[in-house]
Amino acid sequence: IGSEGSRGSHFLCMSELTPEVWASVCGEAGASGEAGSSSKSKSSKSRSKAGAASESEAAGNSDLDGDGLRRAVMSKNWKERADGVNTLARAIAEPDEEGVKVIEGSDGVDGDGRPMLSQYTLRGYRIATIQSFLGTLLGDAVTQVFIGAAELLKNLCAMLPENIAQVFLEPLLPPLVAKLLDTSGKVRGKAQETTLEISTMHGCTLSEMVAHSAAGASAWGS
């Protein structure tokens, strides 16, 4: 039956199992195993490389939108929020000759010629993303978080071109000037320092925006 069946070649008769036959069988099995292991190893390495490339690409995309920082900024732990501010500040402070860049394939403006912050990047982050983070952090009730965010806002306004700085600053002024009425002396002092320094930037072109927003906050406070 074994010799006539289609699978007979896979079986051996015990009475025919001599040392020579056994050595031959072991040699074939070893060669087959090595070939299989080599194939599996190559396949595994290919999958690892593909996975690494995919993860690298995903990391690049998430950096642009600040997904890692977003978790820190939105954390309920104030120390994590403060760390998020510091991480962003260090990234912005890194030397970069190119500075603000327009995303490839975009002209960077809307139909009215107004800069679209989502189409510009700075140190690998969309400027619109940075603006969104600061909008949250400037309203933070924890003194350390606010002071770090205010310092970062001041540095960014100095770095950005005038036309982009205006669009960037506009929605961030309300939470900043609201701190001028804060009960903490440190917070009020930092808010005052930041508004005054921003007012002198870009040939004082931002001063009108700051004054208008500050006047609105004073009227609301009274």
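The rules we used
- Residues numbered from 1 in each chain as written.
- Predicted model: local features only at pLDDT ≥ 70, side-chain atom pairs only at ≥ 80, totals over all residues.
- Heavy atoms only, no water.
- Helix = DSSP H or I, 4+ residues; strand = E, 2+ residues; numbered from the N terminus.
- Buried < 20%, exposed > 50% of the residue type's maximum accessible area, 1.4 Å probe, protein only.
- Lys, Arg positive; Asp, Glu negative; His and termini not counted.
- Salt bridge = Lys/Arg side-chain N within 4 Å of Asp/Glu carboxyl O.
- Axes fitted to C-alpha atoms, helices over the stretch in contact; angles between N-to-C directions.
- Parallel < 35°, antiparallel > 145°, perpendicular 65-115°, else oblique.
- Left-handed = near helix turned anticlockwise from the far one by under 90°.
- Contact = heavy atoms within 4.5 Å.
- Nonpolar A, V, L, I, M, F, W, Y, C, P; charged D, E, K, R; others polar.
- Polar contact = N/O pair within 3.5 Å; in protein donor to acceptor, adjacent residues only side chain to side chain.

Visitor: Honestly, the side chain of Lys 179 in this entry has me stumped. Any pointers?
Guide: Turning to its location among the elements, Lys 179 is positioned in the loop between helix 7 (173–178) and helix 8 (185–199). Within the buried core, Lys 179 has no salt-bridge partner, and the shortest N-O distance to an opposite charge, that of Asp 182, equals 4.0 Å.

Visitor: Looking at this structure, how should I read the packing of helix 3 (residues 78–93) against helix 5 (residues 143–159)?
Guide: The description of two packed helices rests on the angle between their axes and on the distance between the axes. Packing of helix 3 against helix 5 leaves a shortest axis separation of 9 Å and a crossing angle of 20°. Between helix 3 and helix 5, the interaxial angle falls into the category roughly parallel. In this structure, helix 3 meets helix 5 at a crossing whose hand is left-handed. Here helix 3 contributes Trp 78, Arg 81, Ala 82, Val 85, Leu 88, Ala 89 and Ile 92 to the contact with helix 5, which in turn contributes Gln 144, Val 145, Gly 148, Ala 149, Leu 152, Leu 156 and Met 159. Split by residue class, the contact of helix 3 with helix 5 holds 11 nonpolar, two polar and one charged.

Visitor: Even after reading the chapter, I still don't get unusual backbone geometry, so can you show me in this structure?
Guide: Across residues other than glycine, the phi torsion is negative in most instances, and most of the peptide bonds are trans. Positive phi, normally seen in glycine, also occurs at Arg 123, with a value near 55°. Its location among the elements puts Arg 123 in the loop between strand 2 (120–122) and strand 3 (125–126). Even without being a glycine, Cys 204 presents a positive backbone phi close to 65°. Tracing the sequence through the fold places Cys 204 in the loop between helix 8 and helix 9 (207–221).

Visitor: Help me understand the side chain of Thr 195 in this model?
Guide: Topologically, Thr 195 is positioned in helix 8. Taking the relative accessible area as the measure of exposure, Thr 195 reaches 8% and is therefore buried. Reaching out from Thr 195, the side chain makes a polar contact with the backbone oxygen of Ala 191 at a distance of 3.0 Å. Not counting residues within four places of it along the chain, the set of residues in contact with Thr 195 comprises Leu 176, Val 177, Leu 180 and Val 210.

Geometry only, nothing functional implied.
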